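# Residue-level structure breakdown
The residues making up each chain are set out below.
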Amino acid sequence: MHIHILGICGTFMGGVAQLAKAAGHRVTGCDAHVYPPMSDQLRAAGIELIEGYGADQLALKPDLWVIGNAISRGNPLLEAILNAGLSYTSGPQWLGENILRGKHVLTVAGTHGKTTTSSLLTWILQAEGLNPGFLIGGVPMNFEHSAQLTSSPYFVIEGDEYDTCFFDKRSKFLHYRPKTAVLNNLEYDHADIFPDLQAIETQFHHLVRTMAQNARLIVNAKSEPLERVIKRALYSECEYFDCANGWHLNDRILYFGEEKIGEFVLTIAGHHNELNAMAAVAAARHVGVDPKSAISALSKFAGVKRRMELKGIEAGVAVIDDFAHHPTAIAETIAAMRSRMKPGARLIAVFEPRSNTMKLGTMKSRLAQSLSGADYSVCYADSKLGWDASAALAPLGEKAAVSHQIDECVKQAVMHAKPGDTILVMSNGGFGGIHEKLLAALRE
């Protein structure tokens, strides 16, 4: 079958493309900006890429058009497909029907930690010789790619609550039909899609309600929204983490209830990553992995690109890249960085409010508090930001600055950095190549 994918260079759709190619299909695709690193991965897989969404792509005559959720009405190629009455579907639906069917699917859902937990879980299964397939919204360094198709009965997938496509406004994860589901946490996010937290809880309720009786949920016991979700309907097995009668840590020893598992040695910093790892161990146990073996595998986990990833050190200053873009994630990332820095070293945070939720200003009142753990913060406010970043960061006083140009952000950060300090860059985008600009400025 020939499949043509609209919006192919996104992490998720690029992963779908690679899985389709590995399954034996001819795959082509297009995007507004055919950009690396995904474009490089796709071309290496033998997938032909087209720049833009010209209606002339109808001449390719694929058997099926797969539409990414970044594609909206008014897109010239989408309108041509609809006008011609051609067959189309969404990425999650195609994946659920063609790749995941018949597999034991392990889905990781939640506002934060999906990529890291999915990567940890995939690595644990790999270390146990289970050779899982996977599709993750990032690149686990143990694998160096974001998607893999294998003959294994197990498939790990990051369960995004974002909408599926222009014609299907359900959350993506409803197409995956997991046998094991991790619910990491739940907060309000995606303000461009969901009017309030209750609307997101309803999507999680739909996920829980459709799981089989012999399926298993792994749930964060400290999340009140998840508690409400579980109370609405629960037909499956359920285990909790971060509580005394479930999975928990005591003086760096992992327990399941009163059962002592062993010492918990992580290569990644932060309390949030301890929770991610606990959830991964619990999920792996559902497919037969001994928790003692699972925690042994954790000590060999190499991390995930763009999750507290060291980009370089110049003039004694480390430049770190992280995907954090929600106030909770920002605060957790800053705390995690602090935990591994030397006493007296200073942390300079450089943040881009790029997500749709942040651009809309939904979280602006929480931004100053989330950045308060840094010694100095620089916020990049581009012309598309619909609120006053200076007013939002006013509570930080002289500990923060707002810049309207990336080069000015670089200048502000470097001016405050001294040998031994760390510059932590947080954005869910490329941030105009700021990491290399920071390193170059430090060299000078």
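To start, this report covers the structure provided alongside it. Computed from a predicted model, the values in this text were never measured in an experiment. (Residues numbered from 1 in each chain as written. Predicted model: local features only at pLDDT ≥ 70, side-chain atom pairs only at ≥ 80, totals over all residues. Heavy atoms only, no water.)

## What about the sheet that holds strand E3 (residues 48-51)?
We apply this condition: Following DSSP output, two strands are said to pair if at least two bridges run between them. By definition, any uninterrupted DSSP run of H or I lasting at least four residues is a helix, any uninterrupted run of E lasting at least two residues is a strand, and each is numbered from the N terminus. The axes used here are C-alpha line fits, helices contributing only the stretch in contact, and every angle between their N-to-C directions lies in the interval 0 to 180 degrees.
Overall, parallel pairing links the 5 strands, which are arranged E3-E2-E1-E4-E5 in an open sheet. Each having just a single partner strand, E3 and strand E5 (88-90) make up the two edges of the open sheet. Adjacent strand axes in the sheet meet at a mean angle of 25 degrees, parallel and antiparallel pairs treated alike. As paired strands, strand E2 (residues 26-31) and E3 are joined by 4 bridges and run parallel to one another. Counted as the bridge partner of Cys30 is Ile50 from E3.

## Description of the pattern of salt bridges
What counts here: Whenever Lys or Arg places a side-chain nitrogen within 4 Å of a carboxyl oxygen from Asp or Glu, that contact is recorded as a salt bridge. Exposure is judged per residue with a 1.4 Å probe applied to protein chains only, and the accessible area is read against the type maximum: over 50% gives exposed, under 20% gives buried, and values in between give partly exposed.
A full pass over the atoms with the stated rule returns 17 salt bridges. Residues Arg216 and Glu239 are paired through a salt bridge, measuring 3.3 Å at the closest nitrogen-oxygen approach. With Arg216 in strand E13 (residues 216-220) and Glu239 in strand E14 (residues 237-241), the pair connects residues that are 23 residues apart, well separated along the chain. Between Arg338 and Asp375 there is a salt bridge whose closest N-O contact spans 2.7 Å. Linking Arg338 in helix H10 (residues 327-339) with Asp375 in the loop between helix H12 (364-371) and strand E21 (376-380), this pair joins segments that are 37 residues apart in sequence. Classification of Arg338 by relative accessible area gives partly exposed; the value is 28%. Among the ionic contacts, a cluster of salt bridges with common partners joins Arg216, Glu237, Glu239 and Arg285.

## Topic: helix H15 (residues 434-443)
Rules: This arc is built from the directions going out from the helix axis to the C-beta atoms. In this description, contact between two residues means that some pair of their heavy atoms is separated by no more than 4.5 Å.
Taken together, the buried positions of H15 are occupied by Ile434, His435, Leu438, Leu439 and Leu442. Buried residues along H15 cover an arc of 140 degrees about the axis, so they all sit on one side. Elements in contact with the buried residues of H15: strand E18 (309-314), strand E19 (317-322), strand E20 (347-351), helix H14 (406-416) and strand E23 (422-426).

## Observations regarding the sheet that holds E21
Reading across the sheet, the 6 strands line up as E18-E19-E23-E20-E21-E22 and stay open at both edges, with mixed pairing between neighbours. Whereas interior strands pair on both sides, the edge strands pair on one side only; in this sheet they are E18 and strand E22 (400-403). Strand-to-strand twist across the sheet, computed as the mean angle between neighbouring axes with direction ignored, equals 20 degrees. In terms of strand pairing, E19 meets E23 through 5 bridges, oriented parallel. Paired with Asp322 across the two strands is Met426, which belongs to E23. Running over the sheet, H10 touches E19, E20 and E23 and is turned about 155 degrees from E23. The sheet contacts of H15 involve E18, E19, E20 and E23, and relative to E18 the element is tilted by about 20 degrees.

## Some details on the state of the cysteines
For the record, the criterion: The disulfide definition used here is simple: a pair of cysteine sulfur atoms within 2.5 Å.
By the definition in use, this model includes 0 disulfides. Free of any disulfide, Cys9 has its nearest neighbouring cysteine sulfur in Cys30, separated by 9.3 Å. By relative accessible area, which is 3% here, Cys9 ends up buried.

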